[in-house]
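Residues per chain, in single letters:
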Amino acid sequence: MVKIKHPTGRLAELLLIAVALAACFAGYFSINVNRTGALPTSFVLHICILAAFALATHLAVRFLAPYADPVLLPAVLMLNGVGLVMIYRLDLAYGPDSQLYVGFKQAVFTLLGVILMVVTLAVVRDYRKLRNYTYLSMLLAIALLLLPLAPVIGRTINGARIWIYIGFSFQPSEVAKICLAIFFAGYLTTRRDALIQGGKSLLGMRLPRLRDLGPLVVVWASSILILVFERDLGTSLLIFGLFVAMLYVATNQTSWLLIGAILFAPAVVLAARMFSHVQARIDVWLHALDPEIYSRTIGGSGQLVSGLFGMSDGGILGTGWAQGSPSLTPFANSDFIFASLGEELGLTGSLAILTLYLIFVERGLRTALIVRDSFGKLLATGFAFTIGFQVFVVVGGVTRVIPSTGLTLPFVAAGGSSLVANWVILALLLRISNEARKPVTTESGVIDTAELEAVIARQHDKRPANEPAASASPAVAEATATPPRKAPQPATWAPRSARRRPANPAPNASPHLQQPFGGERHESAD
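Each value, and the rule that gives it
Along each chain, the written sequence defines residue order, and numbers are assigned to residues from 1. At least 70 in pLDDT is required for a residue's local features to be given in this predicted model, at least 80 for side-chain atom pairs to be given and counted, and no such filter applies to totals for whole chains, interfaces and linings, which use all residues. Values shown for side chains rest on all heavy atoms present in the structure; no hydrogens or waters enter the calculation. Just to be clear on terms, a salt bridge is a Lys or Arg side-chain nitrogen sitting within 4 Å of an Asp or Glu carboxyl oxygen. Where helices and strands are cited, they refer to DSSP runs of H or I of at least four residues and of E of at least two residues respectively, numbered from the N terminus. Exposed residues in this analysis have more than 50% of their type's maximum accessible area, buried residues have under 20%, and partly exposed residues fall in between, with area computed by a 1.4 Å probe over protein chains only. Across the chain, each position has a pLDDT score giving the predictor's confidence in that residue, from 0 to 100. Residues count as neighbours in contact if any of their non-hydrogen atoms are within 4.5 Å of one another. Think of a patch as exposed residues, more than 30% relative accessible area, with no salt bridge, where like charges cluster within 9 Å and nonpolar side chains (Val, Leu, Ile, Met, Phe, Trp, Tyr) cluster within 5 Å. Accessible surface area values rest on a Shrake-Rupley calculation with a 1.4 Å probe, where residue burial reflects the displayed protein chains alone. DSSP calls a pair of strands paired once it identifies at least 2 bridges connecting them. Within this scheme, the nonpolar core is defined by two criteria: the residues are buried Ala, Val, Leu, Ile, Met, Phe, Trp, Tyr or Cys, and they are joined through side-chain atoms within 4.5 Å. What a helix is expected to span follows from its residue count: subtract one and scale by 1.5 Å. Take the seven residues that end at a residue and the seven that start at it, fit an axis to each, and the angle between those axes is the bend at that residue. We define a polar contact as two N or O atoms separated by no more than 3.5 Å, with the added condition that, inside protein, one atom must be a possible hydrogen donor and the other a possible acceptor, whereas residues neighbouring each other in sequence contribute only through side-chain atom pairs.

**Considering the pattern of salt bridges**
Side-chain pairs of opposite charge can arise whenever the charged atoms involved come near each other. Counted under the stated rule, the structure contains eight salt bridges. Note that Glu-174 and Lys-177 form a salt bridge whose closest N and O atoms lie 2.8 Å from each other. One end of the pair, Glu-174, and the other, Lys-177, are both in helix α6 (residues 172-197), three residues apart, so they sit about a helical turn from each other. The exposure class of Glu-174 is buried, given its relative accessible area of 5%. The class for Lys-177 is buried, based on a relative accessible area of 4%. Residue Lys-438 is joined to Glu-435 by a salt bridge in which the shortest nitrogen-to-oxygen separation is 3.6 Å. Relative accessible area serves as the criterion here: at 33%, Lys-438 is assigned to the partly exposed category. On the basis of relative accessible area, Glu-435 is assigned to the buried category, the value being 13%. Through salt bridges with shared partners, a single ionic network connects Asp-126, Arg-128 and Asp-373.

**Let's talk about the confidence of the model for the chain**
Mean pLDDT over the chain: 81, with 79% of residues reaching 70 or higher. Per-element averaging of pLDDT across the chain places helix α17 (residues 474-480) at the bottom with 48 and helix α13 (residues 337-370) at the top with 96. Segment residues 442-452: pLDDT under 50, and 18 contacts once partners within four positions in sequence are set aside and those in other chains are kept.

**Brief notes about a nonpolar patch on the surface**
A cluster of nonpolar side chains, contributed by Leu-11, Leu-14, Leu-15, Leu-55, Leu-59 and Phe-63, occupies part of the molecular surface with about 610 Å² of accessible area. Breaking the nonpolar patch down by element, the ones donating at least two residues are α1 (10-36) and α2 (43-64). Among the residues examined, Leu-11 registers a relative accessible area of 59% and is labelled exposed.

**Structural notes on the sheet that holds strand β2 (residues 160-165)**
On the basis of which strands lie adjacent, the open sheet formed by three strands has the order β1-β2-β3 and antiparallel pairing. A single partner strand is all that each edge strand has here, and the edge strands are β1 (154-157) and β3 (169-170).

**Remarks on the nonpolar core**
If you look at the biggest cluster of nonpolar residues, it comprises 112 residues, and the most contacted ones within it are Met-117, Leu-188, Leu-379, Leu-409, Trp-423 and Leu-426. Discounting residues that sit within four places of it in the chain, Leu-379 has contacts with Leu-130, Ala-181, Ile-182, Ala-185 and Ile-432.

**Regarding α6**
With 26 residues, α6 ought to run about 38 Å at 1.5 Å a step, and its terminal C-alpha atoms sit 36 Å apart, in line with that. Arg-191 marks where α6 bends most, by close to 65°. Of all 26 residues in α6, 19 are buried, a share of seventy percent or more.

**Some thoughts on the side chain of Thr-134**
Here Thr-134 lies in helix α5 (residues 134-146). With relative accessibility at 7%, the residue Thr-134 sits in the buried group. Among the polar contacts listed, one links the side chain of Thr-134 to the backbone oxygen of Arg-131, at a separation of 2.6 Å. With residues near it in sequence (within four places) discarded, Thr-134 still touches Phe-183, Gly-186 and Tyr-187.

Structure representation (structure tokens):
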């Protein structure tokens, strides 16, 4: 039997990584030339180190997940590389004595993220086993979300109590979103049929039963508690949006979207009236250019307006690397790094970055479409939605489409917790895509129903009925092959006296038990 070698896509991945590294090296080169007119003495060393990191990730995927999607890793490397280049450019403007000088720390977190990605690929060989930890993931997520409220380790930074300090600052909600995605995928896989059946119909929509609303109410209450006590609008919106989106994907019922909007929208309105920090963000969104709001020391619109003017100064093609003034915007390397990139790369560079995110989300959703099990479909959808929704919330806040939430741009903005967690998300997506794109192999005596269907279709279209498909496994060929007909026996003559007529059957006997006259006995196939 000829063994068919299936393409893995690793060569394409390596070529795309080379393109991503070339773009990042070009930015690094331009910054130094435009800023100082000369290259630093460690320029070649920095390039070699970054290339070694990229090659290490490629080799890890090649050996640990050889059939993984070949586009996911290059897209992330380019996003992470552009973020490092922009942070390096801002460090030159801030100076080494500034608290915002975080380039080296961000490089360390990138290295840690790469290491955790490799460890995740090595440990999680079968993502389906994560379903066994569905409710444990829920408990861990709740504990992580409540951890910043602890009196000793909890920290309030920039008005939001979402940090803990354990020798270093850490944001537990970034890890909690991974645990919640695993919980949602496991719960919805188990309860999908009950959620689809629903209860009564109203205005053409199938409403869920009251007992099925329990998990939704728990998640709604958790997101509102985060909004109220931790003052973190972004995390609460991300958690609730993730659950409602996965509910819609699992059930295909628009009623869940309507119920989610009904539950969350009034809570935000009530929070805006009760809590000053939420109202301040809405005021900045609606009246950013108002002199009174702009001149506020705390909760003013100066940061947003500065970012908007910076992006307008960039125009279509941008001012060029190290030719603008993005450091004038507060937190230009974290919350408003998209505005910094928009100023120096222009609308063209901003659209290129958004395209990279779009490619990442598209490949994640494609993985969800082709993977064979429901848990993998929901898990891949949850991870892709998490990245895509976070990008929408961040870019929407910077461009004044929606109120600012305080989330960070995935893989690009300064922030170790978010960066490391997103690398773990990448590893899990690579693992799921590896299983989805891996060629289907069946052991002897085991038939894959999807393969059986395809083989039967090919047999009817192209092959004789008694010829099994060449590409099918032996078990499938044996199951689908039509047995050959028996050759007819030649008629033999016998004297009339030798022929015996059978005894007459009982008059009440069933017709299918009666034997026909002459020849051998025949039984009905009934």
